[in-house]
Amino acid sequence: MPKGTETAHLFASGHTACSGCGQSLGARLVMRAAGRNIIATDATGCLEVFSSLYPFSAWEVPWVHSLFENSAAVASGIEAALKYLGKLDQVRVIAQGGDGSTADIGFGALSGLWERGQDVLYVCYDNEAYMNTGVQRSGLTPYGATTSTTPSGKLSFGKAQQKKDLPMIAVAHGVRYVATASVAYPFDLDRKVKKALGIIGPKYIQAYVPCPLGWRHDSALTIQLAKLVVETGIYPLFEYEDGKLVGVRKIGKKKPVEEYLRPQGRFRHLFETEAGKTEIARIQALADANIERFGLIEKPKDLQKPQDIIEKPAEKAAPTLRGFTPKELSTFDGRQGRPAYIAYKGKVYDISASPLWRGGIHQDQHLAGRDLTAELAEAPHGEENLAGLPVMGELLP
Amino acid sequence: MVRKMLEGSQAVAQAVALCRPAVICAYPITPQTHIVAELADMVASGELKSVYVNADSEHSAASVCLGASATGVRTFTSTSSQGLLLMGEVLFNIAGMRLPVVLSCVNRAVSAPLNIWNDQQDSLSLRDSGTIQLYAENNQEAADLIYLAYRVAEDHRVLLPAMVCLDGYILSHAWEAVEIPTPKEVDAFLPPYSPLYKLDPEEPRTFGMYANPEVYTEARYMLQRAMEEAVTAIQEASHNFELIFSRPMPGILEEYRTEDATTVILGMGSLVSVAKDVADELRGQGEKVGVVKLVSYRPFPKEMVYEALKGASDVLVLEKGISLGSAGPLLLDVRSVLHGPHQPRVRGFVCGLGGRDVTRQTIKAALAEKELVDARFLDLKADLELEGMGQANRDRQPALARGARRKRAPRKEGINSA
Amino acid sequence: MKVTTGAVGLPGTSRQNKTGSWRINQRPHFLHIRCTACDLCALCCPEGCIYGNGRNTYYSDYEYCKGCGNCAAVCPVDDIEMEPEKGGLPEGVFVFYDEEEFRHMSTA
Amino acid sequence: MLLASAAFEEGKEALAFPTFGAERMGAPMNAFVRLAREPIRDRSQVKEPDYVLVLDPTLLRGFDVFAGLKEGGVGVINSPVSLEELGVKTKARVITVPAGKIAEEVLGRADRANTALLGAFAAATGEVSLQALIRVVEAHWPGAVGQKNARAMGMAYNFAKGTGK
């Protein structure tokens, strides 16, 4: 069974989210990463409404929803109780909320939780508007987006303010771990949730989750939009630990913001008039600023193209092709001098020679000796990086 | 049992400590702050093992208690006036989730205008929240009602939040002798909290669900029945209290010299003491005056109030609150109970708002009132001009002439005709 | 149905609510040709109703699938296609319409 | 809303209201309309309708859409195929209309079948006239969109008139 399966359904099917909902996916991925030994809170909002219509509960973990603005405060009460019971290290506390409950109405409680330094992971599912009440503007609605309370019109291009920079506000509170994530990168989100739960003190993860209804995009585009928003630089994925930037997801080749904006009804007005072009330019400028600020694109000098390093060994005798069972593959993990192999789309590649895989690990998160088809789908580069690498055989089921 | 001179707030804090709450959540607001400060000292000195959380607002303070209580431990918080109103949304929610959170409310007027002195408009305004409300006449009761509140709230027939109300400054900042029981005695009276449902990975549960029309009514009906069960629970607990602490505990209400009383004064909190003095004085002059002290305002003990008042021909309800646009909440409750075969005249008087003293004169003025008034404001200061209100209009607090057709008020005499 | 004290619910009971009836026009068809069991489809399903254990074994539970199409969109080897919902719409063009009768009715 | 407005156009009293709650894109949903000569005060959900309009045939899989339909009541269903082919057995008089197909052809979107279905309703029941429906639709969507919807209604009206069952 693929890893994480036994916790893959801690957020059960049968909830009443719209088809293609990014937030139900986000919740499921966070629960999958967190596992059973947690207590979760939630704020009033879409996730809470579509997952707890009595008597149907999608939550397999202990879960409590109280009001719109107190998810963080309820969580701090749970944390205090667990501390009193001496169980806080076995049972972790996760507070959840949408963007509205987190950045606007519940911000006071959130700031209190952070300032008290309580041992809680707060996850904000950011679908960038108040969706449960029919798409109204929130503090995290992006610049230029239409909502029912910031409609586009002769005199308006949707939201006139920039998205509130909540992650930086979290860093300013001295929150121990602050990260942004997106449901298009499930492994990245999984890793960040697990890392956060291992840290004592306040943690904040802001997960970008598309909303087909609110953004008016095709329900099948949820994942692609969640990827495009990162690849355009609009929503940089980064990690801060104790105030220092420790991780950034590079975005390889930058994509223009239009590619991200065009499929969404909430940005359609930008394409309908001349003046819209200047707004798109402003959004592009915001994206470029993120690219600059977080160094999302590696400068050419430090970008080692794998092909040009391993040209030399290519003339070695063509290796005999054989089948690798997953168990056999796992022995080629590149550690203690052993060769490093990975599988992709059924073929097994020898990546021992690439310096980017020194010690059988890549970008400190991907391990050799395994099938990386899914993870590569999520990687900032495509399969072109495998071109020219010696194929050692094929992966058996 | 030891009797010692304590400030009201300290008495309450020590009572809370004896109940050993796991999580205490504090947010300052005059005049309750001494209670949470006293508890903070006890935690800091190691005398009290609770986890003490300093909240960022009263809304959060009540939410912290909600979360801790849902995790299956005993909690405590305290507030007053604006703080209680800010907690309002959460208290309704705690009641709906059937969590036995206990809090003290040191009663204080509500703004505007701003006023930090005592009246009961804050707690009275939350009478519909599903929170049990117990009112203390003095600091002995303020402390004793804490033990009672935990026991009743945590009773599985009830499972509701409970609030012990004591008059700001008049009780909270007054020093008087209070008996503080030993831990053993409290433990004999108050068993450990055993939750019906709790947040526990061993047995996951979903709290705070979304009920559509098919189930919501029934869930609220169960709340109303729980409140009714609380009357029985309070009686049993009070009886048990008297056995263990060998001290009177009128958990529901207390009748003072009402056996043959024709006139009965009914009230809550410290003003009852003054009423008792007046009753004694008038009894001395041969007038049959009695006093009923209501302790349990919610649940409102309908049968007991009826029994206590049915013998009287004249009932004066004195309360430190007004449901603006109607009459005092207590008056409305009492009148509705007495609507039945035997109907004494029941009249309502508003006094002691915003810290104005309730004196014997205040009560005698009420007794002197002959009209069938609903909410006659006592002690209005004659020398104060009230903008927009002519002198005649100001004193016009008419009793509703029951039955007589009301003449239309002439146009020019309207409030804003000045 | 029982209304518990405080309307407290039991875990995972949402499974009793079969959301498959929400599909109107399409559903995922797992071809089982090129699948490498990378598990991405199962990971990216908002309903969490895609299951599989090994190559070419993945499937979507139609009792819950809402037909959103994300699994087909993310499959790295395009081994999932969205097919029209069973009982789709028949072909043929409708010609019953009488142009003249309409004109005098419409304000156009 | 459109049906109620059309009835109002013709001098009737009308009340239209959906069931509120956790509506979600794709989730099964129902709504109610009351028509009468005098002003309507009853706002409760309609439990025993005279007519049932079913916009999404897939609902027939999970729900008894005719529950409570009065004796002699009429059901109007958007469905490309007849009731028998849908495998739905009922005593009620039912008209099936390929409103979705018509909407797809005229408006380019099968999921905009609501106006077409109203056209069929007008034909099947006579409770409201096609003219009134067209006036309301064209007022609601001025310009081409309104006219297309009107045409779709006309086609569905003729289709339902044609079957005459």
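Placed above this text is the structure.
Residues numbered from 1 in each chain as written. Chains lettered and ligands numbered in written order. Predicted model: local features only at pLDDT ≥ 70, side-chain atom pairs only at ≥ 80, totals over all residues. Heavy atoms only, no water.

Visitor: Help me out: how do you make sense of the overall build of chain A in this one?
Guide: Of regular secondary structure, chain A possesses 14 helices and 16 strands. A compact globule built from 397 residues should have a C-alpha radius of gyration of about 21 Å, and chain A, at 22 Å, falls within 12% of that. With respect to the principal axes defined by its C-alpha atoms, chain A has extents near 65 × 60 × 40 Å. Looking at chain A as a whole, 60% of its 397 residues are labelled buried. Contacts spanning at least 24 positions in sequence make up 70% of the contacts within chain A whose residues lie at least 6 apart. Here chain A contributes 46 positive and 43 negative side-chain charges, whose respective centroids are spaced 1 Å apart. (Helix = DSSP H or I, 4+ residues; strand = E, 2+ residues; numbered from the N terminus. Rg over C-alpha atoms; globule rule 2.2 N^0.38 Å. Buried < 20%, exposed > 50% of the residue type's maximum accessible area, 1.4 Å probe, protein only. Contact = heavy atoms within 4.5 Å. Lys, Arg positive; Asp, Glu negative; His and termini not counted. Charge placed at Lys NZ, Arg CZ, Asp CG, Glu CD.)

Visitor: Can you walk me through the overall build of chain D in this structure?
Guide: Across its full length, chain D carries seven helices and five strands. In sequence order, the secondary structure elements of chain D are arranged as α-β-β-β-α-β-α-β-α-α-α-α. Taking 15 Å as the expected radius of gyration for a compact globule of 165 residues, we find that chain D reaches 15 Å, a close match to that expectation. Viewed in the frame of its principal axes, chain D has a C-alpha envelope of about 40 × 40 × 35 Å. Considering chain D as a whole, with its 165 residues, one finds that 47% of them fall into the buried category. At a minimum sequence separation of 6, the contacts of chain D that also span at least 24 residues come to 47%. Of the roughly 8,400 Å² of accessible surface on chain D, 52% is carried by carbon and sulfur atoms. (Areas by Shrake-Rupley, 256 points an atom, 1.4 Å probe, with all protein chains shown as cover.)

Visitor: Help me out: how do you make sense of the side chain of Glu231 of chain A in this one?
Guide: Residues and elements named next belong to chain A. Relative to the helices and strands, Glu231 resides in helix 9 (residues 222–231). Since its relative accessible area comes to 15%, Glu231 is described here as buried. Excluding its chain neighbours within four sequence positions, the residues that come into contact with Glu231 are Tyr185, Ile251, Lys253, Lys254 and Lys255.

Visitor: Which parts of the structure should I look at to understand the packing of aromatic side chains?
Guide: How two aromatic rings sit relative to each other is given by the distance of their centres and the angle of their planes. Summed over the entire model, instances satisfying the criterion amount to 22 aromatic pairs over all chains. With a centroid separation of 5.6 Å and 85° between ring planes, the pair formed by Phe238 of chain A and Tyr240 of chain A is classed as edge-to-face. We classify Phe238 of chain A as buried; its relative accessible area is 4%. Site record: aromatic cluster; members linked through ring pairs are Tyr147, Phe189, Phe241 and Phe245 of chain B. Above the plane of the ring of Tyr150 of chain B lies Arg74 of chain B, whose end atom (NZ or CZ) is 5.2 Å from the centre. The residue whose ring lies beneath Arg298 of chain B is Tyr297 of chain B, and the NZ or CZ to ring-centre distance is 4.5 Å. (Phe/Tyr/Trp six-rings, centres within 6.5 Å; stacked < 30°, edge-to-face > 60°. Lys NZ or Arg CZ within 6 Å of the ring centre and 35° of its normal.)

Visitor: Help me understand the interface of chain C and chain A, please; the structure alone is not making it clear to me.
Guide: Interfaces are often sized by the amount of accessible area the parts lose when they come together. Taken residue by residue, the interface counts 42 residues in chain C and 43 residues in chain A. Buried area between chain C and chain A, both sides added, is near 3,500 Å², and the carbon and sulfur share of it is 57%. The largest per-residue losses of area from chain C upon contact with chain A belong to Leu43, Pro46 and Arg55 of chain C, which jointly make up 18% of the total buried on that side. At the surface where chain C touches chain A, the tally comes to one salt bridge. The shortest N-O distance in the salt bridge between Arg15 of chain C and Glu60 of chain A comes to 2.6 Å. At the junction of chain C and chain A, the tally comes to 29 residue pairs in polar contact (both at pLDDT 80 or more). (Buried area = accessible area lost by both parts, 1.4 Å probe. Salt bridge = Lys/Arg side-chain N within 4 Å of Asp/Glu carboxyl O. Polar contact = N/O pair within 3.5 Å; in protein donor to acceptor, adjacent residues only side chain to side chain.)

Distances and angles like these do not, on their own, reveal function.
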